[in-house]
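Architecture at a glance
Here is how the chains run, residue by residue.
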Amino acid sequence: MNIFHRLFMLYLYLCTPILLVELSLFFYYAFKNTPMPSETKDPVKLRLFHVVSLLVFRLGKIFEKLGICSQITFVRFMLNLTPAGEKSNLSIRDAKFEHVPVRIYQPTSPSTQPRKGLIYLHGGCGIFGSNRGYERVCRHLARKSDSVVVYVEYRLSPEHQHPAQLLDCLTATTYFLNKSKDYGVDPNGIIIAGESSGGALVAAICREMVKRSTTPKIRAQILIYPFLQIMDLSLPSYQQNQFGPALTRPRAMKLGLLYMNANLQHVEGLMNNAHVPEFMKMKYKKWLSADCIPEEFKARGYKPPLPIPFSKELYEQIRLNDETMLSPILDEDAIVQQLPQTYLLTCEYDLIRDDGLLYKKRLEDNNVALTWNHMKDGFHGLIMFVDTGPLEFSCTKTAFEDILKFIKGL
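Structural notes, computed from the coordinates. (Residues numbered from 1 in each chain as written. Predicted model: local features only at pLDDT ≥ 70, side-chain atom pairs only at ≥ 80, totals over all residues. Heavy atoms only, no water.)

Thoughts on the overall build of the chain
Cut-off, in case you're wondering: Helix and strand assignments follow DSSP, with helices taken as H or I runs no shorter than four residues and strands as E runs no shorter than two, numbered in order from the N terminus. Note on method: radius of gyration uses C-alpha positions; expected globular size equals 2.2 Å times residues raised to 0.38. Burial classification: accessible surface area is computed with a 1.4 Å probe over protein chains only, and a residue below 20% of its type maximum counts as buried, one above 50% as exposed, and the rest as partly exposed. Note that accessible areas follow from Shrake-Rupley with a 1.4 Å probe, and for residues the cover is restricted to the protein chains shown. His is not counted, nor are the chain ends, whereas Lys and Arg count as positive and Asp and Glu as negative. Where a charge sits is defined by one atom per residue type, namely NZ (Lys), CZ (Arg), CG (Asp) or CD (Glu).
When helices and strands are tallied, the chain shows 14 helices and 8 strands. In summary, the chain has a C-alpha radius of gyration of 22 Å against a globular reference of 22 Å for 410 residues, a match within 12%. Judged by the C-alpha coordinates and their principal axes, the chain covers about 65 × 50 × 40 Å. With 410 residues in all, the chain has 54% of them scored as buried. Carbon and sulfur atoms provide 57% of the accessible area of the chain, an area that totals close to 19000 Å². Charge centroids of the chain, computed over 48 positive and 40 negative side chains, lie 3 Å from each other.

Observations regarding the pattern of salt bridges
Which entries qualify depends on this criterion: Note on definitions: salt bridges are taken to be side-chain nitrogens of Lys or Arg within 4 Å of carboxyl oxygens of Asp or Glu.
Counted under the stated rule, the structure contains 20 salt bridges. The closest approach of N and O atoms between aspartate 354 and arginine 353, which form a salt bridge, is 2.8 Å. Both residues of the pair, aspartate 354 and arginine 353, count as buried. A salt bridge links aspartate 365 to lysine 361; the nearest nitrogen and oxygen atoms lie 2.9 Å apart. One end of the pair is aspartate 365 and the other is lysine 361, both in helix H13 (residues 353-365) and 4 residues apart, which spans about a single turn. Here the residues in one salt-bridge network are Asp94, Arg103, Glu135 and Arg139, joined through shared partners.

Quick word on the sheet that holds strand S7 (residues 341-349)
Across a sheet, paired strands are connected by hydrogen bonds in the backbone, their directions being either parallel or antiparallel. We apply this condition: At least two DSSP bridges between two strands are required for those strands to pair. Axis lines are fitted to C-alpha atoms, over the contacting stretch for helices. Their N-to-C directions set the angle, which ranges from 0 to 180 degrees. Any two residues having at least one pair of non-hydrogen atoms within 4.5 Å are treated as being in contact.
The sheet built from 8 strands is open, its strands ordered S1-S2-S4-S3-S5-S6-S7-S8 with mixed pairing. Of all the strands in the sheet, the pair left with one neighbour each is strand S1 (90-97) and strand S8 (370-379). Strand-to-strand twist in this sheet, taken as the mean axis angle between neighbours without regard to direction, amounts to 20°. Against the sheet, helix H4 (residues 135-145) touches S1, strand S2 (100-107), strand S3 (115-121) and strand S4 (148-152), its axis set at about 40° to S2.

With respect to the nonpolar core
The criterion, for reference: Nine residue types can take part in a nonpolar core, namely buried Ala, Val, Leu, Ile, Met, Phe, Trp, Tyr and Cys, and a core is a set of them joined through side-chain atoms within 4.5 Å.
Core analysis: the largest hydrophobic core is formed by 85 residues, its most contacted members being Phe97, Leu121, Val152 and Ile205. Of all the elements, helix H6 (residues 197-212) adds the most residues to this core, at 8 residues. Other than its neighbours up to four places away in sequence, leucine 121 contacts Val152, Cys169, Ile192, Ala193, Gly194, Glu195, Gly198, Leu201, Val202 and Ile205. With 38 residues, the next largest nonpolar core counts Leu46, Phe49, Cys138 and Cys395 among its residues.

Considering the pairing of S2
Burial of S2 is extensive: 7 of the 8 residues sit out of reach of the surface. Connecting S1 to the next strand, S2, in antiparallel fashion are 2 residues, including glutamate 98 with a positive phi near 60°. Pairing of S2 with S4 involves 4 bridges; the strand directions are antiparallel. Among the inter-strand pairings, tyrosine 105 is bridged to a residue of S4, identified as valine 149.

A look at the side chain of lysine 298
Of note, lysine 298 is situated in the loop between helix H10 (278-284) and helix H11 (312-318). Each residue touching lysine 298, except ones within four places of it in the same chain, is listed here: Pro236, Gln240, Ala290, Asp291 and Ile293.

Topic: helix H3 (residues 71-79)
Those residues of H3 lying buried are Gln71, Ile72, Phe74, Val75 and Arg76. Buried positions along H3 lie against helix H2 (43-65) and helix H8 (249-259).

What follows is the structure, given as structure tokens:
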């Protein structure tokens, strides 16, 4: 054992007790002092989920500083530890749609007619997410809806910069629309679903399909607490839910900057919309502003943000002038009117709740068939707890029942 190895082991020996004490104090303080929604039926579980979420990122940062692994690598590892769920009555196999890896979940029970197809695009800010982490969700959807589910393993940032994620999802969706009969799927019965940033991908793909006028068309889109815009990050929900549960405002800003390979020192500027030039604020105010949020959703508190100087550097780093970054909330009426039937789930205690509310208004104003489910006790990440036994939240079960009802009714 050389001298450097000995010194490193001594360093770990001395630091480990300090690290354990710090993490224990952090866990205790966060668990005891974090405010929780009064409407939740599972306050202890929700508090535990919130604290563990914070702890995973904190531990990842410590490992990064120690040179063990990056924070991203650690968080990805932890997310992959989730149990896979029940496999009964399913055939599961990996494949490629063109160059894009996918995992296909097919019910094994005989069917007298072609099944519905469901393309699933995971969340994780384009940085996290894998077929292992979403195995349980996809298995549940396939078994309970009797549909063929296709999970898309799109490339992740920061290894692969935007718009690689969107391009992979477009490629996989187009392939499945054209080859659906090979998988026992009705080409006119294909649904595309996604949660959080996966919802942004879903909305962007549906917009692109409208522009392309492709056939067959997507039958419906399912958006689960979707992240849909980066123009106003001071909306009521961004203020009301800035401390979580789970997804906090500073964390969301850092992940957004990381996804765009931008300077992480710009968190404060991003939170205060310093990246948006005045002409864009005025141009899109009719569609994207706190004025478009119903008053009932401001009841828990809202203060209009104070003016802040425009940052051209941040504007360029966020690439707000890039057409692929344009929010689907800001699409012209001619595009919105042609969107497929939509299911939208929003959660009261979700940082990005208002993204969904703004999209809902655009759809309703353009007479798009819409099923909206607002979970008054819901929070960001709730669907990840499906089929987890005692860890499953009551709102998770309710949300999935409603989603499955929508799918079966198409």
